[in-house]
Amino acid sequence: MSAVLSAHGVGVRIEGRAILAEVDLEVRPGEVVALVGPNGAGKSTLLGVLSGDVDPTEGHVELRGRKIAKHSAKELSRERGVQLQKQGLAFGFRVEEVVRMGRSPWYRTPASDRDEEVVEASLERADVTEMAQRLFPTLSGGEQARTSFARLLAQETPLMFLDEPTAALDIRHQEQLLSVVREAAAAGAAVVVVLHDLSLAAAYADRVCVLAGGRLHADGPPAEVLTGELLTEVYAHPVDVLHHDGRLVVVPVRPRGGPTAATTTDEEASCSAV
Ligand code: ADP
Ligand code: MG
């Protein structure tokens, strides 16, 4: 299937410093693309450029074959939804109201007939129905992230961008969120998701793009991209890639001994070093 979104030679330079350089990337409908890389690699900046929120200083992004900068704000709001890394504070708003904001692009269109049903389903899929009447700023970080995810779902866009949506989530909600993301892709959405957990990327993404120092170091299926050699280089820390139950599991190599050495046996210490 042809790409819905493509980046061509994208670069971002701020105050003379290259934050992103020479990034070429394509995203197709039905695909989940994980964007990974160390802190400061340029992941959030690239997500901003791909979603049309940040203007690149070099190159351009095309949405459905037309430069993204040429699309109106209204068109963009119906084409792509973004879950930012930092949650807005949304003072005074209840969870349900925050999620309902996701419907605003569809105001005065036939799709608005489905507002109630979509808001309800989105609250459910992000597991925030129980807290629908709570004030957003009183929620925990993970609950706020799930509410932002529900708002993104309510927007019902064919393109979805998520910046570290699982960072504050417990293990069950991490799995739930990425399962829902996969369902959205199965229904035809194109998804770009920034993840730090490389095992989650391996399990849920069709493709993994590794960004480091503002450049794309690799772009391909998880099994090809997530190798100990590449990750050790990119993260400047020794990393092992294990095979478990047909999946890749990425773990940091830890020195034998270390802080727990005094209370663990040699055998336990070697387990924790895997
Ligand atoms: P990541 O999301 O991969 O951690 P970012 O895209 O947020 O990285 O940032 C990449 C680099 O660019 C970082 O070093 C960050 O400090 C810098 N940066 C991002 N935005 C700005 C800005 N508006 N002004 C100056 N530096 C910025
Ligand atoms: Mg970031």
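Summary of the structure given here. Source: prediction; values computed, not measured.

Contacts to ligand 1 come from Ile-14, Arg-17, Ile-19, Pro-38, Asn-39, Gly-40, Ala-41, Gly-42, Lys-43, Ser-44 and Thr-45. Between ligand 1 and the protein, one listed contact pairs an oxygen atom with a side-chain N or O atom of Arg-17 at 2.9 Å. Residue Thr-45 places a side-chain N or O atom 2.6 Å away from an oxygen atom belonging to ligand 1. Protein chains bury 59% of the 560 Å² of accessible surface belonging to ligand 1 in isolation. Of all the secondary-structure elements, those providing two or more residues to the shell around ligand 1 are strand 2 (17-27) and helix 1 (43-50).

Right, let's get into the sheet that holds strand 2. In a beta sheet, neighbouring strands pair by backbone hydrogen bonds and run either parallel or antiparallel. One open sheet accounts for 4 strands, arranged 2-1-4-5; its pairing is antiparallel. Two strands close off the open sheet at either side, each with one partner strand: strand 2 and strand 5 (66-67). As paired strands, strand 1 (residues 5-14) and strand 2 are joined by 7 bridges and run antiparallel to one another. Its bridge partner lying in strand 2, Arg-13 is registered against Ala-18.

Let's shift gears to the nonpolar core. Ranked by internal contacts, the top residues of the largest apolar core, which has 52 residues, are Phe-149, Met-160, Leu-162, Val-191, Val-208, Val-210 and Leu-226. Not counting residues within four places of it along the chain, the set of residues in contact with Met-160 comprises Gly-81, Leu-152, Leu-153, Ala-184, Ala-189, Ala-190, Val-191 and Val-192. In this structure, Leu-25, Val-33, Ala-41 and Leu-211 belong to the second largest nonpolar core, which totals 28 residues.

Our next topic: the pattern of salt bridges. In the structure shown here, the tally under the stated rule is 17 salt bridges. Between Glu-26 and Arg-28 there is a salt bridge, and its shortest N-O distance comes to 3.1 Å. Judged by its relative accessible area of 37%, Glu-26 falls in the partly exposed class. The partner of Arg-172 in a salt bridge is Asp-127, with the nearest N and O atoms 3.8 Å apart. Of this pair, Arg-172 sits in helix 6 (residues 171-186) while Asp-127 sits in the loop between helix 4 (115-125) and helix 5 (141-155), and the two are 45 residues apart along the sequence. Classification of Asp-127 as partly exposed rests on a relative accessible area of 27%. Linked through salt bridges whose partners overlap, the residues forming this network are Glu-26, Arg-28, Glu-31, Arg-207 and Asp-219.

Turning our eyes to something else, we now look at the coordination of the magnesium ion (ligand 2). In the first shell of the magnesium ion (ligand 2), the protein supplies Ser-44 (OG) and Gln-85 (OE1), at 2.1 to 2.4 Å from the metal. Placement of Ser-44 in helix 1 and of Gln-85 in the loop between strand 6 (80-83) and helix 3 (95-101) is noted, with a sequence separation of 41 residues between them. On the basis of relative accessibility, which here comes to 33%, the residue Ser-44 falls in the partly exposed class.

With that settled, the discussion passes to the pairing of strand 1. Here strand 1 folds back onto strand 2 in antiparallel fashion, the turn holding 2 residues, of which Glu-15 has a positive phi close to 45°. Both strand 1 and strand 4 (residues 58-63) contribute to a ladder of 5 bridges, which runs antiparallel. Paired with Ala-7 across the bridge in strand 4 is Val-61.

If you want to describe how two helices pack, look at the angle between their axes and the distance between the axes. Following both chains from N to C, one finds helix 4 and helix 5 inclined at 140°, their axes separated by 8 Å at the closest point. By the angle between their directions, the pair helix 4 and helix 5 is classed as oblique. As for the relative orientation of helix 4 and helix 5, their crossing is right-handed in sense. Residues Val-118, Ser-122, Leu-123 and Arg-125 of helix 4 form the contact with helix 5, whose own contacting residues are Ala-150, Leu-153 and Ala-154. For the contact of helix 4 with helix 5, a count of residues per class yields 5 nonpolar, 1 polar and 1 charged.

Calculation notes
- Residues numbered from 1 in each chain as written.
- Chains lettered and ligands numbered in written order.
- Predicted model: local features only at pLDDT ≥ 70, side-chain atom pairs only at ≥ 80, totals over all residues.
- Heavy atoms only, no water.
- Near = heavy atom within 4 Å.
- Polar contact = N/O pair within 3.5 Å; in protein donor to acceptor, adjacent residues only side chain to side chain.
- Areas by Shrake-Rupley, 256 points an atom, 1.4 Å probe, with all protein chains shown as cover.
- Helix = DSSP H or I, 4+ residues; strand = E, 2+ residues; numbered from the N terminus.
- Pairing = 2+ DSSP bridges.
- Core = buried A, V, L, I, M, F, W, Y, C linked by side-chain atoms within 4.5 Å.
- Buried < 20%, exposed > 50% of the residue type's maximum accessible area, 1.4 Å probe, protein only.
- Contact = heavy atoms within 4.5 Å.
- Salt bridge = Lys/Arg side-chain N within 4 Å of Asp/Glu carboxyl O.
- Donors = N, O, S within 2.8 Å, 3.2 Å for Na, K, Ca; no water.
- Axes fitted to C-alpha atoms, helices over the stretch in contact; angles between N-to-C directions.
- Parallel < 35°, antiparallel > 145°, perpendicular 65-115°, else oblique.
- Left-handed = near helix turned anticlockwise from the far one by under 90°.
- Nonpolar A, V, L, I, M, F, W, Y, C, P; charged D, E, K, R; others polar.

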